[in-house]
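Residues per chain, in single letters:
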Amino acid sequence: MTTKIPEVSSLVQEAAAAFTSQYGGQPSVAVAAPGRVNIIGEHTDYNDGFVFPMALPMVTVIVGRKTESGLCRVKTLTDKADKPFEVEFPAPSSSKPLQPSKPSWANYIKGVVTCFPGVVSGFDAVVTSSVPLGGGLSSSAALEVATYTFLEALTGTKAKSLKDKALVCQKAEHDFASVPCGIMDQFISTMGKKGNALLIDCRSLESNLVPLSDPNVTFVIINSNVRHTLSGTEYPTRRRQCHDAAHTLGKTSLRDATLQDLEKHKGSLSEEVYHRARHAISEIQRTEEAVEVLKKGDYTAFGKMMTDSHNSLRDDYEVSCPELDQLVTIATECPGVYGSRMTGGGFGGCTVTLVKRENVDDLIHHTQECYTGKATFYVCQPAEGAQVLSL
Ligand code: GLA
């Protein structure tokens, strides 16, 4: 009923076998980087605010071997990727900068190869992943961070710090995928810790682990299995609207603004920008408060804030969609559910629900009965960030 999450070791085996048949011989390096689910703090990272994600047991694995050929050859085993599944591009040199092109999955790799601070002479690699593509669980950040970790292992050039590593991967996404994303996804994929969620202050880039180890409760991720095309164009628009609102309020970012400041300037903002800012300001505050109540074990208060977050994303930020709203409504009708919300950028993808462990099956059954689409379910504990694996 729930989706079985493949073991990392079986992904490595699958990739290593594909490597041998594609390139001959054995890979010398294997790495993994996880996807993420954001528990609360949505569309706050690019407003210098707080986010509260955890790393998932679904990962992107890369196996490969260094070459001196001056070529980077990569094959993906992800069948939902756009074709062709094999690419070849020159190792970066100042005379020939790499450009984004088709297939789009390879752009995340090219972006990281270009931004990587060490010397890349060439490699052969195979990529595989258990992070659902386009599900709002950061399959792109997982691929970027896996690529960076792979290059570190291949070249021996380590990032100065994990923050630097996350920032380089974010830049790769900006430059090669044209998505002006915040720092959350790359940060948690790099720094996630098993058994913990991470409260990240996206202004200072300080972060604090928050243990999530109570066996009586769990987070269930439900994939709506829809992705509306709006997601590409609406994200930069939201980001710009927040920036404009901060400017009108005379603040560096909405992190510095209060709801009182917003009300004072209401007359100088369009109706739409007012609502966008109201979400961002309230969500930053809600995230800090939510983590405090969670630390005290007050799941009722925490769950209510998750649902408030969803309502704000739906009504003020307008990044939800009917399928996500339906999943949240269905979840909140179930016994043992504390709260539920959409997670990630929006316009489709997944919801995240906090539920008593004894009621997980009720939640799944009720959703299967009532959701008009076809949902998939992941019951996940917080997992480890990017790692080099043994072969
Ligand atoms: C996407 C971006 C993140 C963040 C979320 C919304 O996942 O990559 O940086 O802005 O949307 O919270």
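A brief report on the enclosed structure follows. (Residues numbered from 1 in each chain as written. Predicted model: local features only at pLDDT ≥ 70, side-chain atom pairs only at ≥ 80, totals over all residues. Heavy atoms only, no water.)

1. Points about the site of the ligand
Part 1: Around the ligand, the neighbouring residues are Arg-36, Glu-42, His-43, Asp-45, Tyr-46, Cys-181, Gly-182, Met-184, Asp-185, Tyr-235, Gly-344 and Gly-345.
Part 2: At 2.6 Å from an oxygen atom of the ligand is found a side-chain nitrogen or oxygen belonging to Glu-42.
Part 3: Structurally, the ligand is housed in the largest pocket.
Part 4: A class-by-class count of the residues in the shell around the ligand yields 4 nonpolar, 4 polar and 4 charged. (Near = heavy atom within 4 Å. Polar contact = N/O pair within 3.5 Å; in protein donor to acceptor, adjacent residues only side chain to side chain. 1 Å grid on protein atoms, 1.4 Å probe; cavity = no way out; pocket = protein on both sides within 12 Å on 5 of 7 lines; lining within 4 Å. Sits in = over half its atoms within 2 Å of the grid points. Nonpolar A, V, L, I, M, F, W, Y, C, P; charged D, E, K, R; others polar.)

2. Some points on the pattern of salt bridges
Part 1: For the structure on display, the rule yields 22 salt bridges.
Part 2: The residue Arg-65 makes a salt bridge to Asp-124 at a minimum N-O spacing of 3.8 Å. Of this pair, Arg-65 sits in strand E2 (residues 50–66) while Asp-124 sits in strand E5 (residues 123–129), placing them 59 residues apart in sequence.
Part 3: The closest approach of N and O atoms between Glu-152 and Lys-165, which form a salt bridge, is 3.0 Å. One end of the pair, Glu-152, is in helix H3 (residues 139–155); the other, Lys-165, is in helix H4 (residues 162–177), and 13 residues separate them in sequence. Exposure class is identical for Glu-152 and Lys-165. Each is buried.
Part 4: A single salt-bridge network, built from bridges that share partners, covers Asp-48, Arg-203 and Asp-256. (Salt bridge = Lys/Arg side-chain N within 4 Å of Asp/Glu carboxyl O. Helix = DSSP H or I, 4+ residues; strand = E, 2+ residues; numbered from the N terminus. Buried < 20%, exposed > 50% of the residue type's maximum accessible area, 1.4 Å probe, protein only.)

3. Some points on the sheet that holds strand E9 (residues 337–343)
Part 1: Read from one edge of the open sheet, 4 strands run E9-E10-E8-E11, paired in antiparallel fashion. Of all the strands in the sheet, the pair left with one neighbour each is E9 and strand E11 (376–380). Taken over all neighbouring pairs, the strand axes of this sheet differ in orientation by 20 degrees on average, direction set aside.
Part 2: As defined by bridge partners, strand E8 (residues 217–227) adjoins strand E10 (residues 348–356) across 8 bridges and the pair is classed as antiparallel. For Ile-222, the partnering residue across the bridge sits in E10 and is Thr-351. (Pairing = 2+ DSSP bridges. Axes fitted to C-alpha atoms, helices over the stretch in contact; angles between N-to-C directions.)

4. Regarding the packing of helix H2 (residues 105–115) against H3
Part 1: Interaxial distance between H2 and H3 falls to 9 Å at its minimum, and their mutual angle equals 40 degrees. Between H2 and H3, the interaxial angle falls into the category oblique. Crossing geometry of H2 relative to H3 is assigned as right-handed. Only Ser-140, Leu-143, Glu-144, Thr-147, Tyr-148 and Leu-151 of H3 make contact with H2, whose side of the interface consists of Trp-105, Tyr-108, Ile-109, Val-112 and Val-113.
Part 2: Of the residues assigned to the contact of H2 with H3, the class counts are 8 nonpolar, 2 polar and 1 charged. (Parallel < 35°, antiparallel > 145°, perpendicular 65-115°, else oblique. Left-handed = near helix turned anticlockwise from the far one by under 90°. Contact = heavy atoms within 4.5 Å.)

5. A look at the pairing of strand E3 (residues 71–76)
Part 1: Alignment of E3 against strand E4 (residues 86–90), held across 5 bridges, turns out to be antiparallel. Bridge assignment links Leu-71 to a residue of E4, and that residue is Pro-90.
Part 2: As defined by bridge partners, E3 adjoins E5 across 5 bridges and the pair is classed as parallel. From the neighbouring strand, Thr-76 faces E5, where its bridge partner is Val-127.

6. A short note on the environment of Glu-263
Part 1: With respect to the helices and strands, Glu-263 occurs in helix H7 (residues 259–264).
Part 2: By relative accessible area, which is 40% here, Glu-263 ends up partly exposed.
Part 3: Between the C-alpha atom of Glu-263 and that of Met-54, which follows or precedes it by 209 residues, the distance is 34 Å.

7. Points about helix H11 (residues 360–370)
Part 1: Among all positions in H11, only Val-360, Leu-363, Ile-364 and Thr-367 are buried. Taken end-on, H11 shows its buried residues confined to a sector of 95 degrees, consistent with a single buried face.
Part 2: Tucked inside the fold, the buried residues of H11 contact E8, helix H10 (322–332), E9, E10 and E11. (Arc of directions from axis to C-beta.)

8. What about H4?
Part 1: Its 16 residues give H4 an end-to-end C-alpha distance of 22 Å, which sits within 8% of 22 Å, the value for a rise of 1.5 Å per residue.
Part 2: Among all positions in H4, only Lys-165, Ala-166, Val-168, Cys-169, Gln-170, Ala-172, Glu-173 and Phe-176 are buried.
Part 3: Positive phi appears at Ser-178, one or two residues downstream of H4, with a value of about 55 degrees. (Expected span 1.5 Å × (residues − 1).)

9. Digging into the layout of surface pockets
Part 1: Approximately 1100 Å³ is the volume found for the largest pocket.
Part 2: Together, 47 residues line the largest pocket, and Tyr-108, Ser-139, Ser-140, Glu-173 and Val-179 are the ones closest to its centre.
Part 3: Contributions of two or more residues to the lining of the largest pocket are made by H2, E5, H3, H4, helix H5 (184–191) and helix H6 (231–248).
Part 4: Looking at side-chain class alone, the lining of the largest pocket contains 18 nonpolar, 20 polar and 9 charged residues. (Points joined across faces, edges and corners; volume = space filled by probe spheres on them.)

10. What about the nonpolar core?
Part 1: Ranked by internal contacts, the top residues of the largest apolar core, which has 35 residues, are Ile-62, Val-74, Phe-89, Ile-109, Phe-123, Phe-150 and Leu-151.
Part 2: Broken down by element, the residue count for this core peaks at 7 residues, all from H3.
Part 3: When neighbours within four sequence positions are excluded, Ile-62 is seen to be in contact with Val-29, Ala-30, Val-31, Ala-125, Val-126, Val-127, Leu-143, Ala-146, Thr-147 and Phe-150.
Part 4: Listed in part, the 33 residues of the second largest apolar core include Phe-50, Val-217, Phe-219 and Ile-284. (Core = buried A, V, L, I, M, F, W, Y, C linked by side-chain atoms within 4.5 Å.)

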